[in-house]
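Next come the chains, spelled out residue by residue.
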Amino acid sequence: MRVISGTQKGMPLKAVPGNSTRPTTDKVKESIFNMIGPYFSSGIGLDLYAGSGGLGIEALSRGFSKMIFVDRDMKAIQTVKANLAVCRFSDQSEVYRNDAERALKAVAKRGLVFDGIFLDPPYAKQQLERLLKRIDEQELLEQNGFIVCEHGSDHTLSEEIGRLRQVRMETYGIIRVSIFKWGKE
């Protein structure tokens, strides 16, 4: 695992010890950023189910100005912090140990709105549609923002969830990536 492009291109990233997380492969990560960017002039992001932090760190390397990382696993939190330190992104990041639902409530209370949101929950516990609905209801996405959902290829998300519209879907073996943006009001 490594940073694919940007200011920290080639920087190796640690994986979360054990088998409780499944890191996004470099090939899939590169494809995701080719679909949404590939580079950014600024932006605030949320990496929910952060795992090793690979997606959020890639966004920072490609130009995001700030990223919030959330995971409920302490080993994941420690790995995210270590990877941020190696990449020198600690000052641009906030890292929280929390579950996804509580984290969304907390960022909504703070009045935060994101340019990019990365959702990569455990495939077996698919909660993406409920999370997308919550993001829509709480208006947590900037008007021109995006949401990247990584899920099993055996699961297809609704094309419309509230005001969010699926604008792209790609399959890579057992992995499917769905991209959502605001639809027309």
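This is a predicted model, so every value here is computed, not measured.

A. A look at the environment of Ile57. Among the structural elements, Ile57 can be located in helix α2 (residues 54-61). For Ile57 and Asn83, which are 26 residues apart along the polypeptide, the C-alpha to C-alpha distance reads 8.1 Å. If we ignore the near neighbours within four places in the chain, the residues touching Ile57 are Val3, Leu13, Ser52, Phe69, Asn83, Leu84, Cys87 and Phe89.

B. How the structure looks around α2. Taken across its eight residues, α2 has eight buried, putting it largely inside the fold. Residues Gly54, Leu55, Gly56, Ile57, Glu58, Ala59, Leu60 and Ser61 constitute the buried set of α2. Following α2 by one or two positions, Gly63 has its phi on the positive side, about 125°.

C. Expanded view of the nonpolar core. Core analysis: the biggest nonpolar cluster contains 29 residues, and Ile36, Phe69, Phe118 and Val177 have the highest contact counts within it. Residue assignment for this core shows that the elements contributing at least two residues are α1 (26-36), α2, β2 (66-71), α3 (74-87), β5 (141-152) and β8 (175-182). Considering every element that reaches this core, the biggest residue donor is α1, with five residues. Setting aside residues no more than four positions away along its own chain, Val177 makes contact with Val28, Ile32, Met35, Val148, Cys149, Arg168, Met169, Glu170 and Tyr172.

D. Representation of the packing of helix α4 (residues 100-109) against helix α5 (residues 128-137). Between α4 and α5, the least distance of the axes is 11 Å, while the angle of their chain directions is 10°. Classed by the angle they form, the pair α4 and α5 counts as roughly parallel. From α4, Ala100, Glu101, Leu104 and Lys105 reach across to α5, where they touch Arg130, Leu131, Arg134 and Ile135. Of the residues contributing to the contact of α4 with α5, the split by class is four nonpolar, no polar and four charged.

E. The arrangement of the pattern of salt bridges in detail. This structure, assessed with the given rule, holds 11 salt bridges. Among the ionic pairs, Asp136 bridges to Arg163, the shortest N-O distance being 3.0 Å. Placement of Asp136 in helix α5 and of Arg163 in the loop between β6 (160-161) and β7 (164-172) is noted, with a sequence separation of 27 residues between them. On the accessibility criterion, Asp136 (7% relative accessible area) is buried. On the basis of relative accessible area, Arg163 is assigned to the partly exposed category, the value being 27%. What emerges from the salt-bridge pattern is a single network uniting Arg2, Asp26 and Lys29.

F. Inspection of the side chain of Asp71 at higher detail. With respect to the secondary-structure elements, Asp71 resides in strand β2. Despite its burial, Asp71 pairs with no opposite charge, the nearest such side chain being Arg72 at 6.0 Å. Once residues within four sequence positions are removed from consideration, Asp71 is found in contact with Tyr49, Ala50, Gly51, Ala76, Ile77, Tyr96, Arg97 and Asn98.

G. Expanded view of the pairing of β8. For β8, the tally of buried residues reaches seven of eight residues, placing the bulk of the element in the interior. The pairing of β5 with β8 spans six bridges and is classified as antiparallel. Within β8, the residue paired with Cys149 across the bridge is Ser178. For β7 and β8, the ladder comprises eight bridges, and the chain directions are antiparallel. By the bridge assignment for β8, Tyr172 is matched with Ile175.

Reading guide: rules and limits
Residues numbered from 1 in each chain as written. Predicted model: local features only at pLDDT ≥ 70, side-chain atom pairs only at ≥ 80, totals over all residues. Heavy atoms only, no water. Helix = DSSP H or I, 4+ residues; strand = E, 2+ residues; numbered from the N terminus. Contact = heavy atoms within 4.5 Å. Buried < 20%, exposed > 50% of the residue type's maximum accessible area, 1.4 Å probe, protein only. Core = buried A, V, L, I, M, F, W, Y, C linked by side-chain atoms within 4.5 Å. Axes fitted to C-alpha atoms, helices over the stretch in contact; angles between N-to-C directions. Parallel < 35°, antiparallel > 145°, perpendicular 65-115°, else oblique. Nonpolar A, V, L, I, M, F, W, Y, C, P; charged D, E, K, R; others polar. Salt bridge = Lys/Arg side-chain N within 4 Å of Asp/Glu carboxyl O. Lys, Arg positive; Asp, Glu negative; His and termini not counted. Pairing = 2+ DSSP bridges.

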